[in-house]
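# Architecture and fold: a report
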Amino acid sequence: MKPDYESLINAGLSKEGIAKISGCEDQEMQIRMLRKYRYKLLDEVHEKQQSLDAIDYMICKIKK
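Scope of this entry: the structure provided in the associated data block. (Residues numbered from 1 in each chain as written. Predicted model: local features only at pLDDT ≥ 70, side-chain atom pairs only at ≥ 80, totals over all residues. Heavy atoms only, no water.)

## A look at the pattern of salt bridges
- One pass over the full model with this rule turns up one salt bridge.
- One salt bridge connects Glu-44 with Lys-40, and the closest N-O pair in it is separated by 3.2 Å. Of this pair, Glu-44 and Lys-40 both sit in helix α3 (residues 27–63), four residues apart, which is roughly one turn of the helix.
- Residue classification places Glu-44 among the partly exposed residues on the basis of a relative accessible area of 34%.
- Taking relative accessible area as the criterion, Lys-40 reaches 45% and is therefore assigned partly exposed. (Salt bridge = Lys/Arg side-chain N within 4 Å of Asp/Glu carboxyl O. Helix = DSSP H or I, 4+ residues; strand = E, 2+ residues; numbered from the N terminus. Buried < 20%, exposed > 50% of the residue type's maximum accessible area, 1.4 Å probe, protein only.)

## Digging into the nonpolar core
- Ranked by size, the top nonpolar core spans seven residues in total: Leu-8, Leu-13, Ile-18, Ile-21, Cys-24, Met-33 and Tyr-37.
- Excluding residues that lie within four positions of it along the chain, Ile-18 makes contacts with Tyr-5, Leu-8, Ile-9 and Leu-13. (Core = buried A, V, L, I, M, F, W, Y, C linked by side-chain atoms within 4.5 Å. Contact = heavy atoms within 4.5 Å.)

## What to know about the side chain of Gln-30
- Within the secondary structure, Gln-30 is located in helix α3.
- On the basis of relative accessible area, Gln-30 is assigned to the buried category, the value being 6%.
- Here Cys-24 takes part through its backbone oxygen, which lies 2.9 Å from a polar atom of the side chain of Gln-30. (Polar contact = N/O pair within 3.5 Å; in protein donor to acceptor, adjacent residues only side chain to side chain.)

## Some details on a nonpolar patch on the surface
- Taken together, the side chains of Tyr-57, Met-58 and Ile-62 present a nonpolar region at the surface, about 360 Å² in accessible area.
- Residue placement: Tyr-57 occurs in helix α3. (Patch = residues over 30% accessible without salt bridge, like charges linked within 9 Å, V, L, I, M, F, W, Y side chains within 5 Å. Areas by Shrake-Rupley, 256 points an atom, 1.4 Å probe, with all protein chains shown as cover.)

## What about the packing of helix α2 (residues 15–23) against α3?
- Following both chains from N to C, one finds α2 and α3 inclined at 155°, their axes separated by 9 Å at the closest point. When the interaxial angle is binned, α2 and α3 end up roughly antiparallel. Only Gln-30, Met-33 and Leu-34 of α3 make contact with α2, whose side of the interface consists of Lys-20, Ile-21 and Ser-22. (Axes fitted to C-alpha atoms, helices over the stretch in contact; angles between N-to-C directions. Parallel < 35°, antiparallel > 145°, perpendicular 65-115°, else oblique.)

## Focus on α3
- Counted at 1.5 Å a residue, the expected span for α3 with its 37 residues is 54 Å, and the 53 Å between its end C-alpha atoms agrees.
- Among the residues of α3, those classed as buried are Gln-30, Met-33 and Tyr-37.
- Where α3 is buried, its residues meet α2.
- Looking at where α3 begins, the residue whose side-chain oxygen comes 3.1 Å from the main-chain nitrogen of Glu-28 is Asp-26. (Expected span 1.5 Å × (residues − 1).)

As C-alpha cells, then:
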C-alpha cells in the first residue's frame, strides 16, 4: 500500500523523504522509515518539553 501523500506532508516529511518512502515497494521498509521519522519527531517533542520546563521554572522562581 502506498502511503497517503497528504498525510506525509502534514506530518512534516520532506518531498525527498516522501519520495523515498513512496518509491519503496517493501512495506516493512516503509514502516521502518516511518518509525525512524516518528522517533526523530518524538526527540524534538522531548527537547521542546525540556525548554518549556525550564521556562516554567524561571516563571515560578520570579514569582517567589
